[in-house]
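Structural overview for review
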Amino acid sequence: MTETTHRRLIIAGSGIAGLSAAIYAGRSNNAPLVFEGDEPGGQLTLTTDVANYPGFPDGISGPELVQNMKGQAEQFGADVEHGIVVDVGREDDEGPFHVTMKNGDEYTTDAFIAASGASARTLGVPGEDLLMGYGVSTCATCDGAFFRDEDMLVVGGGDAAMEEATFLTKFADTVYVAHRREEFRAEDYWIDRVQEKVEAGDIEILRNTEVLEIHGSQAAGVDHVTLVENESGHPSDNLDDPGTRQYDFDVGAVFLAIGHTPNTGYLADTGVELDEQGYLYTHGGRDGGQTATAVPGIFGAGDVVDHHYQQAATAGGDGRESRPRRRRLPRTVGSGRNRGEGSRRGEQRRLSQRHTVSSPAKYPLSKLGAMTPSEPPELDGLLDDVAAHHDLTVLAARDIGSRAWNLASESSDYDVGFLFRQEPMEYVTLGGTVSTVRDERGEVEVRGWNVTRFAELLASSNPTVLEFLHSPLRYRDHDALTRLEAAVADQFRPIGVYHHYRSMAARQYHKYLQRRLLVHGDPEYEIVDETAEEWVVRPLDGGEEDDDAATERLPKADDRYEAGTTDMTVKRNLYVIRGVLYAEYVRDTHAFPTLDFPAFVEAERDRLGDDYEAVRSLVERKRAGEGDAVVGDVFGDERTRLSKQVDPEVHGVRGIATERVDAFVRETFET
């Protein structure tokens, strides 16, 4: 095993609570390490106007407030790094906590602060999963501009719903707010702002109304929703009431603002107390005990604790109180900022090491047909509009979708990634930079990365950025990017990329190809077998299959049970198969696979074995335009069950040298 890095204090989450804790811990010389999580900056980065945070009489934007606090934390000695904590454990009551990251890195720490926030809840209605990202969203500020001049529906009755509805009036023809009760839970401030928009004709309120189903397709987006209304409220609980009205309602986008679920799953084995919803119980009390949990050394702050206020100001207070007092912080492993190779300089040395593995396969020209690259018809105009709107320069554009995978048919859309830079002064002003950009026109959808954001993601071996770097279809190119690609082609961290493709395959298999038994519409069981009269099932554990669970038999005649059916199509099978094969390839070779999937299939025929002909047939049918044809489960459950445990000493020892990435960023501004 590689040497585990030790830190005196680790904080999970970089929102207001996490950064407040980092500021106070840094001032106490506890040298905290903050992991940003999967939503750097927390939910406040999605808030356009923070008017109730003390000290800003004219308000402040969420991203600016977070950036200010991050700089303040770093000024006092905190290290803020990309990373997602997936597990916290302890071998005994006296030893340090062991912290495992999503990319396989491991740390030990004397104390741990959970400030990982909460994730947006969804409705659980038909059509929601299918259309998430295709007209259904949990973030108006992220996605509102994509649905300009459409009618939009916001679901919810709290502050978040009111703020999102107000924001969306910039883009929508009309914004409709559906709330399942008569009264709203939002502050008077937000209700007053919405009422102004109602009087102006920009917003309409649908009280005592819920969404039963969202209709549409991934190709065309949201077409309409089915709503249900009852003047007594909670109409979905009163569908048999004669006073309940059910009707279809035309909208082009649906935004969900119905609350959050705390991100505390990684604490399940620590012994901390959680309530039914997953919120942390803390002790309260004097002398810094307000945020202490039942486990000495683990503290909670922000939305993982606060299920009532969920405000930036209260999160900041939690963060201040959650930092361990210096006199209480044990020294279980050693003193100083880091232990062993824990310093940044040591980390960079490790990242730059090369690990000798077998050479990648030499890919032949695909026997299934060579690529026929063609310029997306509307790319020039789309990139010009994006550049003009954001005042940026597009440096390079490459395909990152089915055309890069050589799986496109004549009717396939274009998915294009692009790299951009802004004027140098934008990088030294608060809120001046744009990290990412998304837009679409006709059959072309583009996603862009600022060179600085691209560099951060590349240094962390982000698989999406690696696919962009390795894309065989280049619509625009840049000399600095070409040189970077030649220098770092296979210098990624294999363990992180392996887990990306492994989990991608598993998620897609569970979502589309593995049958579930629904209870009142929610997946509760894995269907193992069935007879004419019974389901043979295993209970799910947190939505995932549990092989150790005993099978049960449930009657098909019981109306509570419904078999969840999904179309096992050519396209969905290929998505799973590609994830499995790429994960295996990365694990075995430490090289990045070609995105040309037909060529990969030919080169890795031995890896496929008896599945080769079936996979080849799927590829041919997808390229022929039969991606939506239903073919059943081609690969099978066993093949998708790749191990979650791979040896970090073998698979986690290298990455892209940050010095080379920094040099690339400088080059982009010198040309």
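Throughout, residues of each chain are indexed from 1 in the direction in which the sequence is written. Local features are withheld for residues below a pLDDT of 70 in this predicted model, meaning they are given only at 70 or higher, and side-chain atom pairs are given and counted only at 80 or more; totals for whole chains, interfaces and linings count all residues. To obtain the side-chain values, all non-hydrogen atoms of the structure were used and water was disregarded.

Structural notes on the overall build of the protein
To keep it simple, the criterion reads: Segments assigned H or I by DSSP are reported as helices when at least four residues long, segments assigned E as strands when at least two residues long, and all are numbered from the N terminus. Throughout this description, buried means an accessible area under 20% of the type-specific maximum (1.4 Å probe, protein chains only), exposed means over 50%, and partly exposed covers the range between. The contact rule is simple, with two residues in contact once any of their heavy atoms fall within 4.5 Å. Note on areas: Shrake-Rupley, 1.4 Å probe, and residue coverage restricted to the protein chains presented here.
Broken down by element type, the protein carries 20 helices and 27 strands. Residues classed as buried in the protein amount to 50% of the 671 residues present. Long-range contacts, defined here as pairs at least 24 residues apart, represent 67% of the contacts in the protein between residues at least 6 apart. Surface exposure of the protein reaches about 31200 Å², of which carbon and sulfur atoms provide 44%.

Observations regarding the sheet that holds strand β22 (residues 474-476)
Defined as follows: Note on pairing: two strands pair once DSSP finds at least 2 bridges between them. Only C-alpha atoms enter the line fits that serve as axes; for helices the fit covers just the stretch in contact. Angles between N-to-C directions range over 0 to 180 degrees.
The strand order across the open sheet built from five strands is β20-β21-β19-β18-β22, with neighbouring strands paired in mixed fashion. Among the strands making up the open sheet, the edge pair consists of β20 (436-441) and β22. Sheet twist, expressed as the mean angle between neighbouring strand axes with direction ignored, is 20 degrees. One ladder, built from seven bridges, connects strand β18 (residues 392-399) with strand β19 (residues 414-422); its direction is antiparallel. When the bridges of β19 are listed, R398 appears paired with G417.

Notes on the packing of helix α1 (residues 16-27) against helix α2 (residues 62-75)
Convention followed: Should an angle lie under 35 degrees it is considered roughly parallel, over 145 roughly antiparallel, and from 65 to 115 roughly perpendicular; all remaining angles are considered oblique. Throughout, a crossing is termed right-handed when the near helix is turned clockwise from the far one, and left-handed when it is turned anticlockwise from it by less than a right angle. In the scheme used here, Gly and all other residues not listed as nonpolar or charged are polar, with Ala, Val, Leu, Ile, Met, Phe, Trp, Tyr, Cys and Pro taken as nonpolar and Asp, Glu, Lys and Arg as charged.
In the contact formed by α1 and α2, the axes pass within 8 Å of each other and the chain directions differ by 25 degrees. Relative to α2, the element α1 is oriented roughly parallel. In this structure, the crossing between α1 and α2 has a hand that is left-handed. Contacts between α1 and α2 pair I16, L19, S20, A22 and I23 from the former with L65, V66, M69, K70, Q72 and A73 from the latter. Taken together, the residues that form the contact of α1 with α2 break down as eight nonpolar, two polar and one charged.

A look at α1
An α-helical segment advances 3.6 residues per turn. Residues three or four places apart therefore align on the same side. As a reminder of what qualifies: Helix span, as expected, comes to 1.5 Å for every residue beyond the first.
The end-to-end C-alpha distance of α1 is 17 Å, a good match for the 16 Å that 12 residues give at a rise of 1.5 Å each. In terms of burial, α1 is largely enclosed, as 10 of its 12 residues are buried. Buried within α1 are the following residues: I16, A17, G18, L19, S20, A21, A22, I23, A25 and G26. Phi for N29, located one or two positions after α1, is positive at around 60 degrees.

Description of the packing of aromatic side chains
Filter applied, for reference: Pairing of aromatic side chains requires ring centres within 6.5 Å, counting the rings of Phe and Tyr and the six-membered ring of Trp. Pairs whose planes differ by under 30 degrees are stacked, by over 60 edge-to-face, and all others tilted.
The full count for this structure, using the stated rule, is 19 aromatic pairs. A centroid spacing of 5.3 Å and a plane angle of 85 degrees characterise the contact between Y427 and F669, whose relative ring orientation is edge-to-face. Taken together, the positions of Y427 in the loop between β19 and β20 and F669 in helix α20 (residues 658-670) put the pair 242 residues apart, joining distant regions of the chain. Y427 sits in the partly exposed class, given a relative accessible area of 24%.

Re a negative patch on the surface
Under the convention used in this document: Surface patches are drawn from residues lacking salt bridges whose relative accessible area is over 30%; two like charges belong together within 9 Å, two nonpolar side chains (Val, Leu, Ile, Met, Phe, Trp, Tyr) within 5 Å. The rule for a salt bridge is simple: a side-chain nitrogen of Lys or Arg has to be within 4 Å of a carboxyl oxygen of Asp or Glu. Residues scored as positive are Lys and Arg, those scored as negative are Asp and Glu, and His as well as the terminal groups of each chain are ignored. We put the charge of a Lys on NZ, of an Arg on CZ, of an Asp on CG and of a Glu on CD.
A grouping of E187, D188, D192, E196 and E199 is seen on the molecular surface, where their side chains present a negatively charged patch. Within the fold, D192 resides in helix α6 (residues 188-199). Given a relative accessible area of 47%, D192 falls into the partly exposed group.

Some thoughts on the pairing of strand β15 (residues 253-256)
Alternating positions in β15 separate into two faces, A253 and F255 on one and V254 and L256 on the other, with burial throughout. Across four bridges, strand β9 (residues 152-155) lies against β15 in parallel orientation. In the strand pairing of β15, V155 is matched with L256.

Here's the deal with the packing of helix α11 (residues 463-470) against helix α12 (residues 479-488)
Close contact between α11 and α12 brings their axes to 10 Å; oriented N to C, the two are set at 110 degrees. By the angle between their directions, the pair α11 and α12 is classed as roughly perpendicular. Note that α11 runs across α12; the crossing there is left-handed. On α12, the residues touching F468, L469 and H470 of α11 are L481, E485 and V488. Class assignment for the residues of the contact of α11 with α12 results in four nonpolar, one polar and one charged.

Things to note about the sheet that holds strand β11 (residues 203-206)
Read across the open sheet, the five strands follow the order β8-β15-β9-β10-β11; overall the sheet is parallel. Every interior strand has two partners, whereas the edge strands, β8 (136-137) and β11, have only one. Relative to β11, strand β10 (residues 175-178) is paired through four bridges, and the arrangement is parallel. The residue of β11 that forms the bridge with V177 is I205. Across the sheet, helix α5 (residues 159-168) touches β9, β10, β11 and β15, and the angle it forms with β9 is around 165 degrees.

Brief notes about the nonpolar core
Using the following cut-off: Take the buried Ala, Val, Leu, Ile, Met, Phe, Trp, Tyr and Cys residues and link them wherever side-chain atoms come within 4.5 Å; each set so joined is a nonpolar core.
Counting residues in each nonpolar core, the largest one holds 57 residues, and the members touching the most others are L419, W449, F454, L458, L481, F597 and F664. By residue number, the principal contributor to this core is helix α14 (residues 570-589), which donates 10 residues. The residues touching F597, leaving out its near neighbours within four places in the chain, are W405, L407, L574, I577, R578, L581, Y582, V615 and V619.

Focus on the environment of K622
By secondary structure assignment, the location of K622 is in helix α17 (residues 612-623). Relative accessible area serves as the criterion here: at 11%, K622 is assigned to the buried category. It is 8.6 Å that separates the C-alpha atoms of K622 and L574, two residues lying 48 residues apart in sequence. The contact partners of K622, leaving out residues within four places of it in the chain, are S402, L407, A408, S409, S412, V570, K571, L574 and G627.

Remarks on the side chain of R398
Note the following rule: For the purposes of these results, a polar contact is taken to be a pair of N or O atoms within 3.5 Å, where, inside protein, one atom must be able to donate a hydrogen and its partner to accept one; residues adjacent in sequence count only when each atom of the pair is a side-chain atom.
Mapped onto the fold, R398 is located in strand β18. When its relative accessible area of 0% is taken as the criterion, R398 is described as buried. Looking at R398, its side chain comes within polar contact range of the side chain of D477, at 3.0 Å. Reaching out from R398, the side chain makes a polar contact with the side chain of E485 at a distance of 3.5 Å.

What about the pattern of salt bridges?
A side chain of one charge can pair with a side chain of the opposite charge when the charged atoms of the two come close. Evaluated as defined, the whole model comprises 23 salt bridges. Between D477 and R398 there is a salt bridge, and its shortest N-O distance comes to 3.0 Å. Note that D477 is positioned in the loop between β22 and α12 and R398 in strand β18, a separation of 79 residues in sequence. Residue E613 pairs with R605 through a salt bridge whose shortest N-O separation is 3.9 Å.

Structural notes on α14
The end-to-end C-alpha distance of α14 is 28 Å, a good match for the 28 Å that 20 residues give at a rise of 1.5 Å each. In terms of residue burial, α14 counts as a mostly covered element, since 16 of its 20 residues are buried. Looking one or two residues beyond α14, the residue adopting positive phi is H590, at roughly 55 degrees.

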